[in-house]
Amino acid sequence: MALTGVLRPGYIQVRVTDIDAALKHYVDRVGLHEVSREADGRVYLRAWDEFDRHSIVLRPADTAGMDYVGFKVAAESDLDAYARRIEEHGTEVEEVPSGEQPGLGRRLSFDVPTGHRIELFSDMALSEHGPMTQNPEIWDDEPHGMRVTRFDHCNLHGPNIDGVVEFFTNVLDFSLTEAAETPDGVAAAFLSCSNKAHDVAFIRRAEPAKFHHVAFSLDSWHEVGQAADIIARYDIPLDIGPTRHGITRGQTIYFFDPSGNGNEVFSGGFIYYPDNPKRSWSIDKIGKAVFYYQRELNERFMSVVT
Ligand SMILES: [Fe+2]
């Protein structure tokens, strides 16, 4: 398999209501590294195992939530090809000029059927402290806090999950790796552009453009336990975990940032290849699908979004 087209999640811009509290959380507790603070108030962060200049953008705002998530494409020419395909689909594409975020090239920005703003980019400056490439040590920036390795995916809630699956699979060339299905369509869709069990997830909800969580990867189940210790030690609001998902098989814990945005840190999950059959869950097994050990849904997990 050769990865072409859309490669991976690249960045996410999250709204926070108290930037100082957010930085304490994302830098000291989650373990991201601060890259820069810009004049417009946005703060740029990255995880220790990411090559790109930044992956997490915190924007001070009156309400929490997600502004947009950007996916990296393999080549500049892919941006033009995807712009044509998105427009042919009947979706308006906005071109955001290079430099709107420091180090980031031109990008495409558009709304998908769930109401979320999705972007594509091909060019981002590399971090000066990214993974070493010559006689590489394990890390350059020393891991701290929860020791998250990268921005892994986000989970978004909105209407028309069938429509967003059609868009991501037919227009952006993602695969639907796993789904919870009801008689009236897909209720939860896990979509991958890579070898991962998912690169983005969409869950059915009447209100459009809602943000459930941003997820960061950890190296091991042991580190999920260490994240739980940090969550308890600093009285970070816990959602659920440590536990495991039936869907994706990830080992996970969920908590909230000081603005109320959902966070997940997780390890594991199956490896996906494009010839693998889709995995399906029926709605009567949804408890086990979401929380494999508890086998029932947690009301807070299903209801809290920003
Ligand atoms: Fe997740």
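For the structure itself, consult the block above.
Residues numbered from 1 in each chain as written. Predicted model: local features only at pLDDT ≥ 70, side-chain atom pairs only at ≥ 80, totals over all residues. Heavy atoms only, no water.

Structural notes on the overall build of the chain
Each helix and strand in the chain was counted, giving 6 helices and 17 strands. Taking 19 Å as the expected radius of gyration for a compact globule of 306 residues, we find that the chain reaches 18 Å, a close match to that expectation. In terms of its C-alpha atoms, the chain occupies a principal-axis envelope of roughly 50 × 45 × 45 Å. Here the chain holds 306 residues, and 56% of them are scored as buried. Excluding contacts between residues fewer than 6 apart, the proportion of contacts in the chain whose partners are at least 24 apart in sequence is 67%. On the chain, roughly 13,000 Å² of surface is accessible, and the fraction owed to carbon and sulfur atoms is 48%. When the 30 basic and 48 acidic side-chain charges of the chain are each reduced to a single mean position, those positions are 4 Å apart. (Helix = DSSP H or I, 4+ residues; strand = E, 2+ residues; numbered from the N terminus. Rg over C-alpha atoms; globule rule 2.2 N^0.38 Å. Buried < 20%, exposed > 50% of the residue type's maximum accessible area, 1.4 Å probe, protein only. Contact = heavy atoms within 4.5 Å. Areas by Shrake-Rupley, 256 points an atom, 1.4 Å probe, with all protein chains shown as cover. Lys, Arg positive; Asp, Glu negative; His and termini not counted. Charge placed at Lys NZ, Arg CZ, Asp CG, Glu CD.)

Re the coordination of the iron ion
Protein-derived coordination of the iron ion comes from His153 (NE2), His213 (NE2) and Glu264 (OE), at a distance range of 2.1 to 2.2 Å. In primary sequence terms, the donor set of the iron ion follows H-x59-H-x50-E. Here the residue His153 occupies a position in strand S9 (residues 150-158), and Glu264 occupies one in strand S16 (residues 262-268), the gap between them amounting to 111 residues. (Donors = N, O, S within 2.8 Å, 3.2 Å for Na, K, Ca; no water.)

A look at the sheet that holds strand S3 (residues 43-46)
Strand order in this open sheet of 8 strands is S2-S3-S4-S1-S5-S8-S7-S6, and the pairing throughout is mixed. Of all the strands in the sheet, the pair left with one neighbour each is strand S2 (33-37) and strand S6 (94-96). Pairwise comparison of adjacent strand axes, ignoring direction, gives a mean angle of 25° for this sheet. Where strand S7 (residues 107-111) and strand S8 (residues 117-121) come together, 5 bridges link them in antiparallel fashion. Paired with Arg107 across the bridge in S8 is Phe121. (Pairing = 2+ DSSP bridges. Axes fitted to C-alpha atoms, helices over the stretch in contact; angles between N-to-C directions.)

What to know about the sheet that holds strand S15 (residues 250-256)
Across the sheet, which stays open at both edges, the 9 strands sit in the order S14-S15-S16-S13-S9-S12-S11-S10-S17 with mixed pairing between neighbours. Both outer strands of the open sheet, strand S14 (238-244) and strand S17 (279-282), are each paired with one neighbouring strand and no more. Put simply, the sheet's adjacent strands are angled 20° from each other on average, direction ignored. With 4 bridges joining them, S14 and S15 adopt antiparallel strand pairing. Bridged to Thr243 within S15 is Thr252. Contacting S9, strand S10 (175-182), strand S11 (185-192) and strand S12 (200-204), helix H3 (residues 161-170) crosses the sheet at an angle of about 30° to S11. Contacts from helix H4 (residues 221-233) reach S14, S15 and S16, with the element oriented near 15° to S15.

Here's the deal with the environment of Ser109
As for its position among the elements, Ser109 is in strand S7. Counting along the chain gives 26 residues from Ser109 to Ala83, while the straight-line C-alpha distance between them is 9.3 Å. Side chain to side chain, Ser109 and Arg117 meet in a polar contact 2.8 Å long. (Polar contact = N/O pair within 3.5 Å; in protein donor to acceptor, adjacent residues only side chain to side chain.)

Some thoughts on unusual backbone geometry
For the peptide bond that leads from Gly241 to Pro242, omega is 0°, which places it in the cis range. Following the sequence through the fold, Pro242 ends up in strand S14. Non-glycine residue Asp235 carries a positive phi angle of around 50°. With respect to the helices and strands, the residue Asp235 is situated in the loop between H4 and S14.

Things to note about the packing of aromatic side chains
On inspection of all chains with the given rule, the structure shows 11 aromatic pairs. Ring centres 6.1 Å apart and planes at 70° place the aromatic pair Phe167 and Phe168 in the edge-to-face group. Since its relative accessible area comes to 0%, Phe168 is described here as buried. Residues Tyr254 and Phe301 carry aromatic rings whose centres are separated by 4.8 Å and whose planes lie at 80° to one another, so their mutual orientation is edge-to-face. A residue pair is termed long-range when its members are at least 10 positions apart, and Tyr254 in strand S15 and Phe301 in helix H6 (residues 299-303) qualify at 47 residues. Judged by relative accessible area, Tyr254 falls into the buried class, the value being 4%. (Phe/Tyr/Trp six-rings, centres within 6.5 Å; stacked < 30°, edge-to-face > 60°.)

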